[in-house]
Amino acid sequence: MKRKILFFGLLGVLFFFSAHHLKGQMAPDENMYKVRTVVIDAGHGGKDPGAVSGGVLEKDIALSIALKTGAYIQENLPDVKVIYTRKDDNFVELHRRAGIANEAQADLFISIHCNANRSSKPYGTETYVMGLHKSQANLEVAKKENAAILLEEDYESEYEGYDPNLPENTIIFSLFQNAHLNQSLVMASMVEDQFRERVKRHDRGVKQAGFLVLYRTTMPGVLIETGFLTNPAERKFLNTEQGQAYIASAIYRAFKNYKEIQEEENNRVSDAFAEVVAENINIEDSETIQEVVEEILTPPAAEIYFSIQFLSSKHEKSLDAVEFRGISDLRMYQHMGLYKYTSGEFATFEQAQQHRNNVIAKGFKDAFVVAFRNGERIKTSEARAMTGR
Ligand SMILES: [Zn+2]
């Protein structure tokens, strides 16, 4: 129910921004937004090997995937400038990585890593955006990646006393990237989609945690954990040329989709949409984030459904009233000055008809089929014509 209210609220916002946008179209689009520069950041390097398992070093896998991803982008999207934070086995400070992206005024920052766990069981991909971690596991990943600063010469002054082992620090730092959260979420969601759909990886979802390298950047950014080196099968996959090529092509495709969406004429609409979603939804877990992003990216179709109306009343009744006991999926709406009570939500008239018998059996002999479009009561005949049923 809560989701429904939110959805219709968003619909209103969408129409508002669409109308707004149409007016704006009169003017030539000289400041059309383009994704021109991407920074690809191979995690770790040099004296920092990152995760090490079964003789495989995270820094090597990350570099190989990063270079391949950049090559795909350069090959297929020649209008995009690709900048690497490292192209060989070098140690680069986290703040320097962010600095490279900021100086280039990049439009997107992609950091590539491999995951590790004490157990050899976990496997799959995770894509992070900067934010408050919602679970201890997310925090552990951020702490592991942030720990690279301990190898930096001057980290105490550089990060102003930041101690990666203190969760409070992560929370404070996580508040800074909020301006780009929506775009980062869109990119992260596309990366996980590509991993799942095209490379058949186990998608562990889009997550949030406080990564220093993302916090320091001033553009949308994601940190991709391409798989667990501690899982033998995944390690083997990531350690092959082919596995790395698959992962890189998935990241490239996600980037291509991201670029297209950001540059779409109505991108301001989806941005506004995303912003409202981010403000209204307390992002609890990866599923929610992905649902939210899918909602943003899917144009809202007219939602038509049938229901069984069994009572109308001049006075509002509590949905917990004794007389409603046993009625499934009970809802109330106001129509023509009356409070009307319905049960169920069905895609077809026939399904609703069948449910009508259940409601009649509960003592509401006058129950009949009604239809709704986007929450508004419409004629049943109209709905049947529109649904073709
Ligand atoms: Zn890493």
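In this report, we go over the structure that sits alongside the text. (Residues numbered from 1 in each chain as written. Predicted model: local features only at pLDDT ≥ 70, side-chain atom pairs only at ≥ 80, totals over all residues. Heavy atoms only, no water.)

## Things to note about the environment of Ser-381
Inspection of the secondary structure assignment puts Ser-381 in helix α14 (residues 380–387). Among the residues examined, Ser-381 registers a relative accessible area of 51% and is labelled exposed. (Helix = DSSP H or I, 4+ residues; strand = E, 2+ residues; numbered from the N terminus. Buried < 20%, exposed > 50% of the residue type's maximum accessible area, 1.4 Å probe, protein only.)

## Some points on the pattern of salt bridges
Counted by the stated rule, this structure contains 21 salt bridges. For Lys-259, the salt bridge identified is with Asp-79, shortest N-O distance 3.1 Å. Remark: Asp-79 occurs in the loop between α2 (58–76) and β4 (81–84) and Lys-259 occurs in helix α10 (residues 241–263); sequence separation between them is 180 residues. Overall, the relative accessible area of 48% leaves Asp-79 in the partly exposed class. In this structure, Glu-197 engages Arg-196 in a salt bridge whose closest nitrogen and oxygen atoms are separated by 3.1 Å. Judged by relative accessible area, which is 29%, Arg-196 ranks as partly exposed. Within this structure, Lys-34, Asp-79, Lys-259 and Glu-263 form a network of salt bridges that share partners. (Salt bridge = Lys/Arg side-chain N within 4 Å of Asp/Glu carboxyl O.)

## Re the coordination of the zinc ion
In an ideal octahedron of six donors the angles at the metal are 90 or 180 degrees, and in an ideal tetrahedron of four donors they are 109.5 degrees. Looking at the metal site, the zinc ion is ligated by His-44 (NE2), Glu-58 (OE), His-113 (ND1), Glu-145 (OE) and Glu-145 (OE), spaced 2.0 to 2.5 Å from it. Each donor residue of the zinc ion lies on the same chain, and together they follow the pattern H-x13-E-x54-H-x31-E. Residue His-113 is found in strand β5 (residues 108–115), and its partner Glu-145 is found in helix α4 (residues 136–146); the two are separated by 32 residues along the sequence. (Donors = N, O, S within 2.8 Å, 3.2 Å for Na, K, Ca; no water.)

## Here's the deal with the packing of aromatic side chains
Each aromatic ring pair is characterised by the separation of its centres together with the angle its planes make. With the rule as written, the count across this model stands at 8 aromatic pairs. Judged by centre distance (5.1 Å) and plane angle (35 degrees), the ring pair of Phe-324 and Tyr-341 falls under tilted. With Phe-324 in the loop between β9 (304–313) and β10 (330–335) and Tyr-341 in strand β11 (residues 338–346), this pair connects stretches of sequence that are 17 residues apart. In this pair, the class of Phe-324 matches that of Tyr-341, namely buried. Members of the aromatic cluster, joined through ring pairs, are Phe-310, Phe-324, Tyr-341 and Phe-364. The ring centre of Phe-91 lies 4.6 Å from the NZ or CZ of Lys-47, which sits over that ring. (Phe/Tyr/Trp six-rings, centres within 6.5 Å; stacked < 30°, edge-to-face > 60°. Lys NZ or Arg CZ within 6 Å of the ring centre and 35° of its normal.)

## Some points on α14
For α14, the complete set of buried residues consists of Thr-380, Ala-383 and Thr-387. One side of α14 carries all its buried residues, which in axial view fall inside an arc of 60 degrees. In α14, the exposed positions that point more than 90 degrees away from the buried face belong to Ser-381 and Ala-385. Next to the buried residues of α14 lie β9, α13 (349–361), β12 (368–373) and β13 (376–378). Gly-388, located one to two residues past α14, shows a positive phi value of around 70 degrees. (Arc of directions from axis to C-beta. Contact = heavy atoms within 4.5 Å.)

## Observations regarding the sheet that holds strand β6 (residues 125–130)
Strands sit in the order β4-β1-β5-β8-β6-β7 across an open sheet of 6 strands; the sheet is mixed. The open sheet has two edge strands, β4 and β7 (203–209), and neither has a second partner. Going across the sheet, the axis of each strand differs from the next one's by a mean of 20 degrees, ignoring polarity. Bridge analysis of strand β1 (residues 37–42) against β4 gives 4 bridges, and the strand direction is parallel. Counted as the bridge partner of Val-38 is Val-82 from β4. (Pairing = 2+ DSSP bridges. Axes fitted to C-alpha atoms, helices over the stretch in contact; angles between N-to-C directions.)

## Looking at the sheet that holds β9
Strand order in this open sheet of 5 strands is β10-β11-β9-β12-β13, and the pairing throughout is antiparallel. Taken across any chain shown, the strands that pair with only one partner, and hence form the sheet edges, are β10 and β13. This sheet shows a mean twist of 50 degrees between the axes of neighbouring strands, independent of strand direction. The sheet contacts of α13 involve β9, β11 and β12, and relative to β9 the element is tilted by about 30 degrees. Helix-sheet contacts for α14 involve β9, β12 and β13, and the interaxial angle to β9 is about 165 degrees.

## So, the nonpolar core
By size, the foremost hydrophobic cluster in this structure holds 45 residues, and its most contacted members are Val-38, Ile-73, Ile-110, Met-187 and Phe-255. For this core, the secondary-structure elements that each account for two or more residues are β1, α2, β4, β5, α7 (181–199), β8 (221–228), α9 (232–238) and α10. Those residues in contact with Ile-73 that sit more than four places away from it in its chain are Val-38, Ile-40, Pro-78, Val-80, Val-82, Tyr-252 and Phe-255. Formed by 23 residues, the second largest nonpolar core is a distinct cluster that contains Ile-100, Tyr-128, Phe-211 and Val-213. (Core = buried A, V, L, I, M, F, W, Y, C linked by side-chain atoms within 4.5 Å.)

## A closer look at unusual backbone geometry
The phi dihedral of His-44 is positive, around 65 degrees, even though this residue is not glycine. On the secondary structure map, His-44 appears in the loop between β1 and β2 (52–53). Phi at Gln-105 takes a positive value of approximately 50 degrees, unusual for a residue other than glycine. Relative to the helices and strands, Gln-105 is located in the loop between α3 (94–103) and β5.

## A closer look at the side chain of Thr-125
Mapped onto the elements, Thr-125 comes out in strand β6. According to the relative accessible area criterion, Thr-125 is buried, its value standing at 0%. A polar side-chain atom of Thr-125 sits 2.8 Å from a polar atom in the side chain of Glu-192. With near-sequence residues (within four places) excluded, Thr-125 lies in contact with Glu-192, Phe-195, Arg-201, His-202, Asp-203, Arg-204, Gly-205, Glu-225 and Thr-226. (Polar contact = N/O pair within 3.5 Å; in protein donor to acceptor, adjacent residues only side chain to side chain.)

## Points about the side chain of Asp-48
Turning to its location among the elements, Asp-48 is positioned in the loop between β1 and β2. Buried charge Asp-48 goes without a salt bridge, the closest partner of opposite sign being Arg-97 at 5.7 Å. Engagement of the side chain of Asp-48 in a polar contact is seen with the backbone nitrogen of Gly-50, the distance being 3.0 Å. The contacts of Asp-48, once residues within four sequence positions are left out, are Lys-59, Phe-91, Ala-148 and Leu-151. (Lys, Arg positive; Asp, Glu negative; His and termini not counted.)

None of this, on its own, says anything about what the molecule does.
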